[in-house]
Amino acid sequence: MRSSIFISLVLLILCYHFSMAQSLNDSIKSRPYYANLQFAGNVGLASIGLGTSFKNEKIYLGLIYGYLPKSLNDAAVHTIALKTYFRIFSRQLFSKLYTSANFGTNINYGITKNTYLKYPNYFPDGYYYTNAIHIAPFLGRKYELVCKSQQLGISRLGLYFEIGTMDKYLANLFTSRQISVFDVFNLSTGITFCINTNTSFNK
Amino acid sequence: MKRLLGILVTFLLLLGLNSCEDLFQYSPYDADVSKTNLNARNIDKIAPHNPSDTLWFVALADVHAWYDELYDATLKINQLKNISFVVVCGDITDEGLAKEFEWYNSVMKNLKVPYITIIGNHDYRSNGSVIYKKMFGPTNFTFNIGDYHFIGFDDVVWENNNTLPDFEWLNSNLLDTTSVVEVGFAHIPPWSDQLSPYFEEVKQLINREPDHTLLIHGHEHNYGYKKLEAHHIIVGAVNRRLMVLVGLCDTVYVSRKIKF
């Protein structure tokens, strides 16, 4: 069940929809900025992020704060992450609906019980590497609706999902036959708001 | 129409997936576990022991991320006869992550006999101690099989916020018995790095009846044996492909290294 779900999602992320135009051409008058809200994805039960894009929206860079409350599973976790991704492709589906596939990574700094950037003095030097920083690559798909709203200050509203993993899980996957490839991946979903109202799209 | 269908399929899939909780991971440091209280449940599954027979068990330690070797160990143990249970003397994970605890359990499910898990210093990292207590139970515990008394003792110091082990608990649970061998499992040997400042205090506790006390440890990754009044066996890490078979017969014990 888990394997078929992940295979389906990867295919979904990478498939081209039939589109009205061959590619998305942006006419960006000024750099777009994004805000996003995310559920899950190695950064918390919920997270908020702010970011911007470069090179005609082909590269994204953002900062995330996520929180997992102790009331859920007895462990409170704060996460600060740097997020970056590259756009694999983008397509225009309808006059105001666009889709894109992305590949990127988070660099997560997790703050919880017994995670350290630098271990306390009672540990001998070099006893452990830091367990607070992890690299979490992902593959994602986004659908964006152009909805220029002067009142809300947003020009696009998006919905996305990502299939992600973590450096430690990948290392275990490559060193052990006992771990299934589908057991090292997990999902996240979220919404994005493009908050630069000067952005417009040309077909 | 096809575009619309494609988009509809995507959203329905996402809607459906939101109900599949185990597909979403909130954080690698989360303490969500699929099984609870495993030590007590597995101890209940240990078959009753005939007092006239030798009680056999197998000791492993320091699994970390050597799941292939651990799996091979379970295959070997399943070939052995008359094994009552298996004990893993700590460090079943590397970073104390919930995923690592689950992977350990999924390999150990291959065993045909019950297994008991002791906490190690690596298992305390991140939220590992929270996860261990939910998944396995208290870090200090005792159980009896027939007349034999077993102790699982948490002697982790540094990773437990540099906190002293609960020597009072150990003192009150060690039996002053000479009728049978008493067996204790503790990940860190008393002479080892974290416990060496408290070595004399520990020695006084465990050497009340030294000829009837067998202590089994991990942590050092190499097999070893020491008689410091009481008897100490150090089980090697699973990647050394050695396990220790222990047999208890009243006041006598035997032990043998087995390659797998």
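Above this text you will find the structure in question.
Residues numbered from 1 in each chain as written. Chains lettered and ligands numbered in written order. Predicted model: local features only at pLDDT ≥ 70, side-chain atom pairs only at ≥ 80, totals over all residues. Heavy atoms only, no water.

Time to look at the overall build of chain A. Per the secondary structure count, chain A includes three helices and ten strands. When the helices and strands of chain A are placed in sequence order, the string is α-β-β-β-β-α-β-β-β-β-α-β-β. Buried positions account for 53% of the 203 residues belonging to chain A. Here the contacts in chain A between residues at least 6 apart in sequence split such that 62% fall between residues at least 24 apart. Accessible area for chain A stands at about 9700 Å²; split by element, carbon and sulfur atoms hold 64% of it. (Helix = DSSP H or I, 4+ residues; strand = E, 2+ residues; numbered from the N terminus. Buried < 20%, exposed > 50% of the residue type's maximum accessible area, 1.4 Å probe, protein only. Contact = heavy atoms within 4.5 Å. Areas by Shrake-Rupley, 256 points an atom, 1.4 Å probe, with all protein chains shown as cover.)

The next thing to look at is the interface of chain A and chain B. Listed as interface residues are 60 residues of chain A and, on the opposing side, 49 residues of chain B. Buried area between chain A and chain B, summed over both chains or domains, comes out near 4900 Å², and the portion from carbon and sulfur atoms is 60%. If you sort the residues of chain A by the area they bury against chain B, Tyr122(A), Tyr128(A) and Gln178(A) come out on top, with a joint share of 12%. On the surface where chain A and chain B come into contact, there are five salt bridges. Across the pair Asp183(A) and Lys99(B) runs a salt bridge, and its minimum N-O distance is 3.5 Å. For the interface between chain A and chain B, the tally reads 28 residue pairs in polar contact (both at pLDDT 80 or more). (Buried area = accessible area lost by both parts, 1.4 Å probe. Salt bridge = Lys/Arg side-chain N within 4 Å of Asp/Glu carboxyl O. Polar contact = N/O pair within 3.5 Å; in protein donor to acceptor, adjacent residues only side chain to side chain.)

What follows covers the nonpolar core. By size, the foremost hydrophobic cluster in this structure holds 112 residues, and its most contacted members are Phe150(B), Phe185(B) and Ile216(B). The element best represented in this core is helix H4 (residues 98-108) of chain B, accounting for six residues. Residues contacting Ile216(B), with those up to four places away along its chain left out, are Phe57(B), Ala59(B), Cys89(B), Val183(B), Gly184(B), Phe185(B), Ala186(B), Ile233(B), Val235(B) and Val246(B). Judged by nonpolar contacts, the second largest core, of five residues, contains Tyr60(A), Tyr85(A), Phe138(A) and Cys194(A). (Core = buried A, V, L, I, M, F, W, Y, C linked by side-chain atoms within 4.5 Å.)

Moving on, we get to the pattern of salt bridges. Taken as a whole and assessed by the stated rule, the structure comprises eleven salt bridges over all chains. Several salt bridges share partner residues, and in doing so they unite Glu57(A), Glu144(A) and Arg156(A) into one network.

All names here are of chain B. Counted residue by residue, strand E9 (residues 230-234) has five buried out of five residues, so it is predominantly covered. Burial along E9 is two-sided: the face carrying Ala230, His232 and Ile234 and the face carrying His231 and Ile233 are both buried. One ladder, built from four bridges, connects strand E7 (residues 213-217) with E9; its direction is parallel. The residue bridging Ile216 from the neighbouring strand is Ile233, located in E9. Bridge analysis of strand E8 (residues 224-228) against E9 gives five bridges, and the strand direction is antiparallel. Its bridge partner being in E9, Leu228 is matched across the sheet by Ala230. A loop of one residue connects E8 with E9, the two strands running antiparallel in sequence, and Glu229 in this loop sits at a positive phi of about 70°. (Pairing = 2+ DSSP bridges.)

On to the sheet that holds strand E6 (residues 182-186) of chain B. All names here are of chain B. The strand order across the open sheet built from six strands is E4-E5-E6-E7-E9-E8, with neighbouring strands paired in mixed fashion. Each edge of the open sheet carries a strand with a single partner, namely strand E4 (141-145) and E8. On average, each strand axis in the sheet is inclined to that of its neighbour by 20°, with strand direction left out of account. (Axes fitted to C-alpha atoms, helices over the stretch in contact; angles between N-to-C directions.)

We now examine the state of the cysteines. Residue and element names in this part refer to chain A. This structure, assessed with the given rule, holds zero disulfides over all chains. With no disulfide of its own, Cys147 lies 9.4 Å from the sulfur of Cys194, the closest cysteine sulfur. Cys147 sits in the partly exposed class, given a relative accessible area of 21%. (Disulfide = S-S within 2.5 Å.)

In this section: the sheet that holds strand E1 (residues 55-60) of chain B. All names here are of chain B. The five strands lie next to each other as E3-E2-E1-E10-E11, forming an open sheet whose pairing is mixed. Strands with a single pairing partner mark the edges of an open sheet, and in this sheet they are strand E3 (115-117) and strand E11 (252-259). When the angles between neighbouring strand axes are averaged without regard to direction, this sheet yields 25°. Of the pairings in the sheet, the one linking E1 to strand E2 (residues 83-88) comprises five bridges and is parallel in character. Bridge pairing in E2 places Ala59 opposite Val87.

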